[in-house]
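# Results of the structural survey
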Amino acid sequence: MLTAEAQAGAAGTAGASGARGRLVSVALVIGGIVSLQFGSSVAVLLFPRAGALGVVTLRLVVASLVLLVVCRPKVRGHSRGDWATVLAFGVALAGMNSLFYQAIDRIPLGAAVTLEFLGPLILSVATSRRLLSLVWAALALGGVVLLGREGFDGLNLTGAAFALAAGGLWAAYILLSARTGQRFPQADGLALAMTVAALLSLPFGIAGAGAALLNPVTVGLGAAVALMSSVMPYTLELLALRKLPASGFAVMMSLEPAAAATAGFLVLHQALGWAEVLAIGLVVAASVGAVRGAGAGAH
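Residues numbered from 1 in each chain as written. Predicted model: local features only at pLDDT ≥ 70, side-chain atom pairs only at ≥ 80, totals over all residues. Heavy atoms only, no water.

### Some thoughts on the overall build of the protein chain
If you tally the helices and strands in the protein chain, you get 10 helices and zero strands. Its helices and strands taken in sequence order, the protein chain reads α-α-α-α-α-α-α-α-α-α from the N to the C terminus. When burial is assessed residue by residue, the protein chain has 48% of its 299 residues classed as buried. Restricting the contact set of the protein chain to residue pairs at least 6 apart, pairs at least 24 apart contribute 89%. Summed over all atoms, the accessible surface of the protein chain reaches about 13,800 Å², with 69% contributed by carbon and sulfur. (Helix = DSSP H or I, 4+ residues; strand = E, 2+ residues; numbered from the N terminus. Buried < 20%, exposed > 50% of the residue type's maximum accessible area, 1.4 Å probe, protein only. Contact = heavy atoms within 4.5 Å. Areas by Shrake-Rupley, 256 points an atom, 1.4 Å probe, with all protein chains shown as cover.)

Encoded structure:
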């Protein structure tokens, strides 16, 4: 039998290992968020060339090809439940990206991200059993609304509906990404799901953009968008969800509009006012609180 000191030491080692695991997961999520938003800035440059659906198709097709080559996922030996999860994940990926790009084609980016964020925000409250999660969710919502406050004047209702629908699929993406990571090794499930998403989006992209999808410059920019907005963030998030609870991850997504504002400032030269800076502080505080709360509530 272990002595009391040995047991305490083992518990301390396990606790330190768990803390390191959570920190690594947080770093993965933040890396994915930064990559995604800077990729979105590059995508803005592509809209005049290929349209919203064309950009989505380029992004998903290139991302799926990269993941298939890198991961070389096995297609045999999986259960019917595994394939059902991958198919659902692929549908969520295709729908989330297509709806969001349709939204930002009609309404300002800040307003679109604000409305889309309602999906994971509701998920964070619904899946957490801690009362404190309501505080972090409310703080995050306040920051996100403040960040997008100037974008709601004369809002196009169709664009707003697209953004809300994208938010619902964003919540589904969070749950399905976690489930896929549990059923498939490494990023194999993501590679298969991305292929499903690419195949689903391809007819719409061809119909919307046509020959523009074959332009070398357009393809090159589309490849950059795919790597930054799909391959990197989705892989990092899938790995992070193996250690981080879905509720904590969902509130951490409140960093998305803050990262978008920063990317817009650095890449698109969009100025940040005092309200935007305050909003960034609110969402960062909510994300930190959510992660600390998730760690404290883990058994």
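### Here we look at the pattern of salt bridges
As enumerated under the stated definition, the model contains one salt bridge in all. For Asp82, the salt bridge identified is with Arg183, shortest N-O distance 2.6 Å. With Asp82 in helix α2 (residues 80-104) and Arg183 in helix α5 (residues 157-183), this residue pair connects regions lying 101 residues apart in the sequence. (Salt bridge = Lys/Arg side-chain N within 4 Å of Asp/Glu carboxyl O.)

### Digging into the nonpolar core
Val29, Leu93, Tyr101, Tyr173, Leu190, Met194 and Met253 are the most contacted members of the largest nonpolar core, which totals 76 residues. The dominant element in this core, judged by the number of residues it contributes, is helix α1 (residues 4-71), at 17 residues. With sequence-adjacent residues up to four places away left out, Tyr101 is seen in contact with Ala43, Phe47, Ala52, Val55, Val56, Arg59 and Val225. (Core = buried A, V, L, I, M, F, W, Y, C linked by side-chain atoms within 4.5 Å.)

### Considering helix α7 (residues 216-240)
Look at α7: 34 Å from first C-alpha to last across 25 residues, which is about the 36 Å you get at 1.5 Å a residue. Leu227 marks the point of greatest bend in α7, at about 35 degrees. Here α7 starts with a cap whose side-chain oxygen sits 3.0 Å from the backbone nitrogen of Val217, and that cap is Asn215. (Expected span 1.5 Å × (residues − 1). Bend = angle between axes of the 7 residues up to and from the residue. Polar contact = N/O pair within 3.5 Å; in protein donor to acceptor, adjacent residues only side chain to side chain.)

### Concerning the environment of Gly142
Inspection of the secondary structure puts Gly142 in helix α4 (residues 132-147). Measuring from C-alpha to C-alpha, the distance between Gly142 and Val283 comes to 8.2 Å, with 141 residues separating the pair along the chain.

### Quick notes on the confidence of the model for the protein chain
Per-residue confidence for the protein chain gives a mean pLDDT of 80; residues scoring 70 or more make up 85%. Counted against residues more than four places away or in other chains, residues 6-14, with its pLDDT under 50, gives one contact. (pLDDT = per-residue confidence, 0-100.)

### Looking at unusual backbone geometry
At Arg72, a residue that is not glycine, the phi angle is positive and equals roughly 45 degrees. Its location among the elements puts Arg72 in the loop between α1 and α2.

### Comments concerning helix α9 (residues 255-267)
For α9, with 13 residues, the first-to-last C-alpha span of 18 Å sits near the 18 Å given by 1.5 Å per residue. Every buried residue of α9 is accounted for by Leu255, Glu256, Pro257, Ala258, Ala259, Ala260, Ala261, Ala263 and Gly264.

### A word on the packing of α5 against α7
One can describe the packing of α5 onto α7 by two numbers: an axis separation of 8 Å at closest approach and a directional angle of 65 degrees. By the angle between their directions, the pair α5 and α7 is classed as roughly perpendicular. The way α5 lies across α7 gives a crossing that is right-handed. Along its contact with α5, which presents Tyr173, Ser177, Thr180 and Gly181, the element α7 presents Tyr234, Glu237 and Leu238. Across the contact of α5 with α7, the residue classes break down as three nonpolar, three polar and one charged. (Axes fitted to C-alpha atoms, helices over the stretch in contact; angles between N-to-C directions. Parallel < 35°, antiparallel > 145°, perpendicular 65-115°, else oblique. Left-handed = near helix turned anticlockwise from the far one by under 90°. Nonpolar A, V, L, I, M, F, W, Y, C, P; charged D, E, K, R; others polar.)

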